[in-house]
Structures are given as structure tokens and as C-alpha cells.
Amino acid sequence: MKLYISDGNPQGVKVLASLELTGVKCEIEAVSHEEKVVPYLSDPRSPVLLLPDGQHLFSPNSICQYLFDISGQKATDATNQWLEWEATTLQPAVLQSLHMVALQGKRGEAAAVMKEPLKWLEQSLGKKNSPFLTAEAVSVADVVLWAALYPLLSDSSFDVGELPSVRGWFERVGDLHACQAAANRVLKGKGVEALKTFLQKHPASQTQRRDSPTN
Amino acid sequence: MALRELNSLERFLGLKKPNKYSTQGGKKVPVLQNNNGPALIGLVTIASHLVHEAQRPELLGDSAEQRAVVQQWLEHRVTRLDNSSKEEVKVILKDLNQYLEDKVYLAGNDFTLADILMYYGIHHIVVELAVQEKERYLNITRWFDHIQHYPGVRHHLPPVVVLRNRVYPSGHH
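- Going by an unreviewed UniProt entry, chain B carries the name Eukaryotic translation elongation factor 1 epsilon-1 and comes from Carassius auratus.

Quick look at the structure:
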């Protein structure tokens, strides 16, 4: 099994954190943002996990879920729902917001983009009595969401208003050694600056899509 | 649209009592009202739940590797296919065609939920393909025809005619 990862790609945080947290043994190879790892995909993607049976996983969330799955933590309705929400709703907003912060210096507008998804997360966490999203213990959902939000929420000048439940949860997940180590490895203590090269190569226009015609 | 898909999926799975659905937000994300617990939100989440309800877990993959591959294509459906512009559709078709070159189904040799939801999601695109495009995306056309003839899958969607003599030329399989 082999994990291909590129420098300064924010999606690397969730995969590295899952790897460390589950303790799965896996070779890691650094690739450039342009390197084509998956033979059938036109656009270069990373992170990518080469499975023992020779198949490629090019979805970061599926990689994380796989690592938890082989460590005995199966997907549930609750983890599935958070992962689907992260991929369809949170991730596009995060990417757009990162572009505004890192490339355009528009912090105010970047925070506005995050308002709705963070409000939803705040409401959901506020209703729960458990310290984590789906249970008493950390799950793949916590790691995936925490990693997606890390570059933005770890920046003290990123002002998204009062979010007591989100802040409490964000600190609890961030206290895990696996999460800290993954964030440091990708961001190198430089915050969103470390993501600049990646963001320049991945335009945020994809995130401002019209609603699905099939819905 | 997503609700019709879920109704068709319920019928495919042979679920006796139909569920109650609503939608949420501008993107009309499906919501399943659950009597025993909180509502479930999202097409992939609800579809996976229905598969468990019908006790057909093999449709989500019967090994960790296969489960991950199924999950990946389900995500691909709702993140890429559902939001794609005309330009992006070309890339999605090209890549999917390449991927399917040596496969019967999306997860290899076994029919899974990924095939059902990709078929529902890509139907409106395949319907519009000209004959030459169907030839260019030969592997997609072959896979698509296979799924639309899979017992109990098609339901709410009209069949798409593919040119069998072109789709299965000698020397290809």
C-alpha cells in the first residue's frame, strides 16, 4: 500500500491524520502537484492511495474511510452523512475561502463564505451531548471535518464570529497528536501561506457552480 | 430528481414500505425522515442506509477495498457529475470511459450501488450523446447498456438505444 501526497495540499491533512490515528502502516511518496498518479484521470490528483489490490483511491474522504474501516471502525449513517456534507458543501466553501485569504487577501469575504456551513456545524454540535460529532470517541467524521477547517480556523485573524460549540470541538480534535502532526507536516507552521502554490493551480471557479440539473 | 431515484432504489431493493422524503436548501438535497432517530440528509447517505435496511450490504462492497471504491464513485457522482459544466462533462466522460476499459462494473466484477447511482446520475447525459459520441465513449455505452438492462434498476428512466453492432465490435470486449 502506498500513499502519494503533494506538498501544501490541504486535503493531505485529513489523510495523514487518519493514517497516524489508525496506525495503519503505509509507504508515503511525495509527488508534485502536476504528477499523474491515477492512470485513467486527466487531471493530476493527490492525495491518492494505491490499494493492496492495485486499485487507486483518488477521493481523500474515501481514503480516510478506508483507513478507519481496516482498523475496525466501519462507516455508519452518521459518519457517511458528515463525509457527504463535507465533500458536497463544506469543501467547496473552504476552497473558495482559502483562495480569498491566500491569493486575494479578502479576509472579510472569505469569512462570509464560511458563515452558512459553520452555522450548520454549530447548530449540529450544539444539539449533542457527546464531545465528538458522532460519538464519545473520535471518528473519521471528526478528522475529515477538522482537517478541512484547520487552515482557516487555526488562523486567529480569521473572524467568523462566536461559535462556542465549533471552537470547543475544534480544540478537542486538534489536541490529538495525530492531527497536530498532520497539520504541521502539510502547513509547516506557515498557515495558509503554505497552500499558495496548490491554490494557484486549483482555481476556485469549480466551487461556484450552479445547482445540479438533476436535483 | 433525487427523490425519484430513491423511490426507484427502494423498488429495486424490494423495500415494502415506502419512506417519506423531503428536500433541503437551494440544491434540494434529499432528506429522509426517520421515525427512530434523527433525519438522514444526502443522496449517498440515504441510499447507503436503504441498502442496509434491505440487508444487501454486498451492494456497498464486500471487502474494505471494494467498499472504498464504491464510496469513491458515489462521492464522484454527487460532487463532480451532479455539478458539472459542459466542459467538465467531457473530462468526466473521458476519464470514466478510460476507467471502465477493463471493468464490467464500477467496482470491478461485482454490481454495486455505485453502478445504480452513477447510472441514474449520468442518464440525462447519455441520452443526449450523438451516435459518434456513443462510439467514442464505447466503454461507458457498454456499461450503461448493461446497467439499464440489469433487472429492476431502470424504473423511472426511459431506455436509451445503443447500437449493439457498434458497441460490441469484434476484437473488443
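Considering the overall build of chain B
Then step 1. Along the backbone of chain B there are 8 helices and 3 strands.
Then step 2. Counting from the amino terminus, chain B carries its helices and strands in the arrangement α-β-β-β-α-α-α-α-α-α-α.
Then step 3. For chain B, whose C-alpha radius of gyration is 16 Å, the value lies close to the compact-globule estimate of 16 Å for 173 residues.
Then step 4. When the backbone C-alpha atoms are referred to their principal axes, chain B occupies close to 55 × 35 × 25 Å.
Then step 5. Counting every position in chain B, which comprises 173 residues, the buried fraction comes to 57%.
Then step 6. Excluding contacts between residues fewer than 6 apart, the proportion of contacts in chain B whose partners are at least 24 apart in sequence is 64%.
Then step 7. Approximately 8200 Å² of chain B is accessible, and the part contributed by carbon and sulfur atoms is 51%.
Then step 8. Separation between the mean location of the 21 positive side-chain charges and that of the 19 negative ones in chain B comes to 6 Å.

A look at the interface of chain B and chain A
Interfaces are often sized by the accessible area lost when the parts come together.
Then step 1. Listed per partner, the contact involves 41 residues of chain B and 34 residues of chain A.
Then step 2. The junction of chain B with chain A conceals about 3400 Å² of combined surface from both sides, 48% of it contributed by carbon and sulfur atoms.
Then step 3. The largest contributions to the chain B side of the interface with chain A come from Lys27(B), Glu65(B) and Gln72(B), which together make up 17% of the buried area.
Then step 4. Where chain B touches chain A, the interface holds 1 salt bridge.

Overview of the sheet that holds strand E4 (residues 56–57) of chain A
All names here are of chain A.
Then step 1. One open sheet holds the 4 strands; their spatial order is E2-E1-E3-E4, and the pairing between them is mixed. Of all the strands in the sheet, just strand E2 (27–31) and E4 have a single pairing partner and so form its edges.
Then step 2. Bridge count for strand E1 (residues 2–6) against strand E3 (residues 48–50) is 3 bridges, and the pairing is antiparallel. If you follow Lys2 over to E3, its bridge partner there is Leu50.

Quick notes on helix H7 (residues 177–187) of chain A
Counting along an α-helix, one turn takes 3.6 residues, and residues three or four places apart therefore face a common direction.
Residue and element names in this part refer to chain A.
Then step 1. Every buried residue belonging to H7 is among Ala178, Cys179, Ala182, Ala183, Val186 and Leu187, and all of these are buried. Projected down its long axis, H7 carries its buried residues within an arc of 135°, all on one side.
Then step 2. Where H7 is buried, its residues touch helix H1 (11–22), helix H5 (140–153) and helix H6 (164–174).
Then step 3. Where H7 ends, the next residue or the one after it, Lys188, has phi of about 50°, a positive value.

A word on the packing of aromatic side chains
All names here are of chain A.
Then step 1. In the structure shown here, the tally under the stated rule is 14 aromatic pairs over all chains.
Then step 2. On the basis of an interplanar angle of 70° and a centroid distance of 6.3 Å, the ring pair of Tyr40 and Phe58 is categorised as edge-to-face. Pair noted here: Tyr40 is in the loop between E2 and E3 and Phe58 is in the loop between E4 and helix H2 (60–69), with a separation of 18 residues, a long-range link. Residue Tyr40 shares its accessibility class with Phe58, and that shared class is buried.

Re unusual backbone geometry
Residue and element names in this part refer to chain A.
Then step 1. Ser46 connects to Pro47 through a cis peptide bond whose omega is 0°.
Then step 2. By the element assignment, Pro47 lies in the loop between E2 and E3.
Then step 3. Residue Lys188 is not a glycine yet carries a positive backbone phi of 50°.
Then step 4. With relative accessibility at 45%, the residue Lys188 sits in the partly exposed group.

Quick notes on the nonpolar core
Then step 1. Counting 129 residues, the largest nonpolar core has Met114(A), Leu121(A), Trp146(A), Leu149(A), Trp169(A), Trp73(B) and Trp143(B) as its most contacted members.
Then step 2. Of all the elements, H5(A) adds the most residues to this core, at 12 residues.
Then step 3. Contacts of Trp169(A), omitting those with residues within four sequence positions, involve Leu121(A), Leu125(A), Pro131(A), Phe132(A), Leu133(A), Asp142(A), Leu145(A), Trp146(A) and Leu149(A).

Remarks on the pairing of E1(A)
Residue and element names in this part refer to chain A.
Then step 1. When you tally the buried positions in E1, you get 5 out of 5 residues, the bulk of the element.
Then step 2. Pairing of E1 with E2 involves 5 bridges; the strand directions are parallel. Bridging from a neighbouring strand, Tyr4 pairs with Glu29 of E2.
Then step 3. In this fold, the crossover linking E1 to E2 by way of H1 has right-handed handedness.

Things to note about the pairing of strand E1 (residues 21–24) of chain B
All names here are of chain B.
Then step 1. Here E1 pairs with strand E2 (residues 29–32) via 4 bridges, running antiparallel. Bridging from a neighbouring strand, Thr23 pairs with Pro30 of E2.
Then step 2. Counting the residues between successive antiparallel strands, the hairpin from E1 to E2 contains 4 residues, one of them, Gly25, with a positive phi of roughly 75°.

What to know about the pattern of salt bridges
Then step 1. All chains considered together, the criterion is met by 15 salt bridges over all chains.
Then step 2. Residue Asp69(A) is joined to Lys74(A) by a salt bridge in which the shortest nitrogen-to-oxygen separation is 3.1 Å.
Then step 3. Since its relative accessible area comes to 49%, Lys74(A) is described here as partly exposed.
Then step 4. Across the pair Arg77(B) and Asp82(B) runs a salt bridge whose closest N-O atoms are separated by 2.8 Å. The pair Arg77(B) / Asp82(B) is uniform in exposure class, with both members buried.

Basis of the calculations
Residues numbered from 1 in each chain as written. Chains lettered and ligands numbered in written order. Predicted model: local features only at pLDDT ≥ 70, side-chain atom pairs only at ≥ 80, totals over all residues. Heavy atoms only, no water. Helix = DSSP H or I, 4+ residues; strand = E, 2+ residues; numbered from the N terminus. Rg over C-alpha atoms; globule rule 2.2 N^0.38 Å. Buried < 20%, exposed > 50% of the residue type's maximum accessible area, 1.4 Å probe, protein only. Contact = heavy atoms within 4.5 Å. Areas by Shrake-Rupley, 256 points an atom, 1.4 Å probe, with all protein chains shown as cover. Lys, Arg positive; Asp, Glu negative; His and termini not counted. Charge placed at Lys NZ, Arg CZ, Asp CG, Glu CD. Buried area = accessible area lost by both parts, 1.4 Å probe. Salt bridge = Lys/Arg side-chain N within 4 Å of Asp/Glu carboxyl O. Pairing = 2+ DSSP bridges. Arc of directions from axis to C-beta. Phe/Tyr/Trp six-rings, centres within 6.5 Å; stacked < 30°, edge-to-face > 60°. Core = buried A, V, L, I, M, F, W, Y, C linked by side-chain atoms within 4.5 Å. Right-handed = clockwise from strand over helix to strand, strands pointing away.

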